[in-house]
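Per-entry structural report
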Amino acid sequence: MQDKGAFFSPFCRPRCLAAAAPAGRAKLTHPGKAILAGGIAGGIEICITFPTEYVKTQLQLDEKANPPKYRGIGDCVKQTVQSHGVKGLYRGLSSLLYGSIPKSAVRFGMFEFLSNQAKDENGRLDSTRGLLCGLGAGVMEAVLVVCPMETVKVKFIHDQTSAKPQYKGFFHGVREIVRSQGLRGTYQGLTATVLKQGSNQAIRFFVMTSLKNWYKGDDQNKTINPIITGVFGATAGAASVFGNTPLDVIKTRMQGLEAHKYKSTLDCALKILKHEGLAAFYKGTIPRLGRVCLDVAIVFIIYEEVVKALNTVWKTD
């Protein structure tokens with residue numbers, strides 16, 4: 001008899017279980033639906049939350065040795081608006097928007113694909129497997145989407161702070177980066193990005209899975225109100241911020257215009273620690289906390305609601 005505890009069983013397992021399981025078994029989400037719903041959620045979310053991402057990145061790039069250009073969040077916003085207008089807070093949005101849609105699509109598509117293999121006969125995904133599925137989804141999105149997207153975004157934002165900005169737009173910027181640095185120029189900080197995204201999604205999906213299992217109890221088909229989903233998402237986002245902000249700081253430095261100062265991810269971490277102290281690893285935590293909590297809450301709400309809508313018109317059972 002096949003062990004029900006096997007994590008990755010043959011791909012036919014969900015269908016086989018669906019045929020033999022009782023009517024009360026939780027329905028599996030088709031990866032195709034997850035990809036579509038994730039892409040829609042990612043696009044809407046980034047348009048709402050980008051200004052906080054801009055401020056966070058600016059503060060992280062504002063190294064102490066410069067000396068600091070900004071005295072805090074408010075001063076960063078004030079100087080940006082004075083110099084570039086309100087639209088300055090959206091500089092780099094295009095690069096992030098182009099990447100946010102496929103990023104969320106890959107994340108949720110991979111998570112549902114993996115979790116469909118990992119759920120038990122009642123359609124329940126335990127917290128540990130939720131963490132592992134989240135880790136797999138995070139690594140996949142880091143390699144396929146996040147690293148090149150984030151590298152371009154950080155270079156765009158950093159370029160704006162220079163005396164003579166060299167990038168005129170998204171495609172011009174990408175073309176200039178590839179021309180001067182090759183394709184490798186869009187993959188700076190890959191190790192840090194994989195570590196960040198992997199831990200990010202592992203933490204978030206672990207928390208979301210734990211909270212959803214607690215809320216649903218023995219009824220895996222119990223509907224969750226969007227407000228509750230948002231609260232669970234914000235909680236998962238906050239947990240991921242406190243868990244991996246140091247990796248986010250290192251990743252940002254490795255992808256900036258002065259990334260050449262660092263020989264590797266480890267070298268970057270050691271230089272930050274030596275020249276700026278331990279507190280530098282949590283630079284930008286507050287603006288990141290606000291953005292991520294809102295980000296994750298919005299994404300999960302929209303994702304769950306779009307999946308519900310797709311279930312009414314796209315039958316996959």
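Please refer to the structure placed before this passage.
How each quantity is defined
- Per-chain numbering applies: the sequence of each chain, read as written, is numbered from 1 onward.
- Per-residue local features of the predicted model are confined to residues with pLDDT of at least 70, and side-chain atom pairs are confined, for both listing and counting, to 80 or more; whole-chain, interface and lining totals are unaffected and use all residues.
- Side-chain measures were taken over the full set of non-hydrogen atoms in the model, leaving aside hydrogen atoms and water.
- Within this document, salt bridges are pairs made up of a side-chain nitrogen of Lys or Arg and a carboxyl oxygen of Asp or Glu, the two lying within 4 Å of each other.
- The way it works is that DSSP assigns letters per residue, a run of H or I at least four long becomes a helix, a run of E at least two long becomes a strand, and they are numbered from the N terminus.
- Relative accessibility thresholds used throughout: buried, under 20% of the residue-type maximum; exposed, over 50%; partly exposed, between the two (1.4 Å probe, protein chains only).
- In this scheme, a helix's expected span is set at 1.5 Å multiplied by one less than its residue total.
- As a rule, the C-alpha atoms of each element are fitted with a line to give its axis, helices using only the stretch in contact, and angles between N-to-C directions run from 0 to 180 degrees.
- Between 65 and 115 degrees an angle is taken as roughly perpendicular, under 35 as roughly parallel, over 145 as roughly antiparallel, and anywhere else as oblique.
- Each crossing gets its hand from how the near helix is turned against the far one by less than a right angle, where anticlockwise is left-handed and clockwise is right-handed.
- When residues are sorted by character, Ala, Val, Leu, Ile, Met, Phe, Trp, Tyr, Cys and Pro go into the nonpolar class, Asp, Glu, Lys and Arg into the charged class, and all the rest, Gly among them, into the polar class.
- Grouping buried Ala, Val, Leu, Ile, Met, Phe, Trp, Tyr and Cys residues that are joined through side-chain atoms within 4.5 Å yields what is termed a nonpolar core.
- By definition in these notes, contact holds between two residues if any of their heavy atoms fall within 4.5 Å.
- Ring pairs are drawn from Phe, Tyr and Trp, using the six-membered ring of Trp, whenever the two centres fall within 6.5 Å, and their geometry is named by plane angle: stacked under 30 degrees, edge-to-face over 60, tilted for the rest.

Regarding the pattern of salt bridges
- All told, the structure shown has 9 salt bridges when counted by the stated rule.
- Measuring nitrogen to oxygen at the nearest pair gives 2.7 Å for the salt bridge that ties Glu176 to Arg179. Here Arg179 and Glu176 lie together in helix α6 (residues 170-181), a separation of 3 residues that amounts to about one turn.
- Among the residues examined, Arg179 registers a relative accessible area of 61% and is labelled exposed.
- The salt bridge involving Glu305 is made with Lys308; its shortest N-O contact spans 3.1 Å. Pair noted here: Glu305 and Lys308 are both in helix α10 (residues 285-313), with a separation of 3 residues, about one helical turn.

Some thoughts on helix α7 (residues 190-216)
- With 27 residues, α7 extends 38 Å from end C-alpha to end C-alpha; this agrees with the ideal 39 Å at 1.5 Å per step.
- Residue Gly217 follows α7 closely and has a positive phi angle near 60°.

Let's talk about the packing of helix α8 (residues 226-255) against α10
- Running from amino to carboxyl end, α8 crosses α10 at an angle of 140°, the nearest separation of the two axes being 7 Å. One way to sum up the angle between α8 and α10 is to call them oblique. Remark: the crossing between α8 and α10 carries right-handed chirality.
- Residues of the contact of α8 with α10, tallied by class, amount to 12 nonpolar, 8 polar and 4 charged.

Side note on the nonpolar core
- In terms of nonpolar packing, the biggest core is built from 27 residues, with Ala37, Phe108, Phe111, Phe300 and Tyr303 touching the most fellow members.
- Contributions of two or more residues to this core are made by α2 (31-61), α4 (93-118), α5 (127-160), α7, α8 and α10.
- If we ignore the near neighbours within four places in the chain, the residues touching Ala37 are Tyr303, Val306, Val307 and Leu310.
- Formed by 12 residues, the second largest nonpolar core is a distinct cluster that contains Leu59, Leu96, Met149 and Ile157.

Considering the packing of α2 against α8
- As a packed pair, α2 and α8 sit with axes 10 Å apart at the nearest point and diverge in direction by 75°. When the interaxial angle is binned, α2 and α8 end up roughly perpendicular. From α2, Lys56, Thr57, Gln60 and Leu61 reach across to α8, where they touch Asp248, Val249, Thr252 and Arg253.
- Of the residues belonging to the contact of α2 with α8, the class tally is 2 nonpolar, 3 polar and 3 charged.

Digging into the packing of aromatic side chains
- Counting across every chain of the model gives 8 aromatic pairs.
- On the numbers, 3.9 Å between centres and 15° between planes, the contact of Phe111 with Phe205 is stacked. With a gap of 94 residues between them, Phe111 in helix α4 and Phe205 in helix α7 connect regions that are remote in the sequence. Both residues of the pair, Phe111 and Phe205, belong to the buried class.
- Considering the side-chain rings of Tyr215 and Phe232, the 6.1 Å spacing of their centres and the 75° angle between planes classify their relative orientation as edge-to-face. One end of the pair, Tyr215, is in helix α7; the other, Phe232, is in helix α8, and 17 residues separate them in sequence.
- Cluster of aromatic residues (ring-pair linked, three or more members): Phe108, Phe111, Phe205, Phe300 and Tyr303.

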